[in-house]
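Single-letter residue listing:
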Amino acid sequence: MATRISIHDMNRIKLCEIFDSELKPEGQAYDVSLTTEINGWKELTFT
């Protein structure tokens, strides 16, 4: 399943979109993972 995450600045202006393509074309993010800890901390990782 492909993942799509939008990146916004502090004024909620959309800067870009990270799309995890299963085809892994050059220039696209893959292995996108959003992890949320119990304390509310969120971490976004991708390759």
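Attention in this report is confined to the structure presented alongside it. Because the structure is a prediction, the values reported are computed rather than measured.

**A short note on the overall build of the chain**
Counting its secondary structure elements, the chain contains zero helices and four strands. What you see in the chain, going N to C, is helices and strands ordered as β-β-β-β. The buried share of the chain, taken over its 47 residues, is 13%. When contacts within the chain are restricted to residue pairs at least 6 apart in sequence, those whose partners lie at least 24 apart make up 10%. When the accessible surface of the chain is split by element, carbon and sulfur atoms take 53% of a total near 4300 Å².

**Some thoughts on the environment of Leu44**
Along the polypeptide, Leu44 turns up in strand β4 (residues 42-45). Assessed through its relative accessible area of 31%, Leu44 is described here as partly exposed. In sequence terms Leu44 and Ile5 are 39 residues apart; their C-alpha atoms lie 9.6 Å from each other. With sequence-adjacent residues up to four places away left out, Leu44 is seen in contact with Ile5, Ile7, Ile18, Val32, Ser33 and Leu34.

**So, the pairing of β4**
The pairing of strand β3 (residues 33-36) with β4 spans four bridges and is antiparallel. Counted as the bridge partner of Thr35 is Glu43 from β4. Here β3 folds back onto β4 in antiparallel fashion, the turn holding five residues, of which Gly40 has a positive phi close to 100°.

**Quick word on the environment of Trp41**
Within the secondary structure, Trp41 sits in the loop between β3 and β4. In this structure Trp41 comes out as exposed when scored by relative accessible area, which is 58%. Leave out the neighbours within four places in its chain, and Trp41 touches Thr35 and Thr36.

Procedures and definitions
Residues numbered from 1 in each chain as written. Predicted model: local features only at pLDDT ≥ 70, side-chain atom pairs only at ≥ 80, totals over all residues. Heavy atoms only, no water. Helix = DSSP H or I, 4+ residues; strand = E, 2+ residues; numbered from the N terminus. Buried < 20%, exposed > 50% of the residue type's maximum accessible area, 1.4 Å probe, protein only. Contact = heavy atoms within 4.5 Å. Areas by Shrake-Rupley, 256 points an atom, 1.4 Å probe, with all protein chains shown as cover. Pairing = 2+ DSSP bridges.

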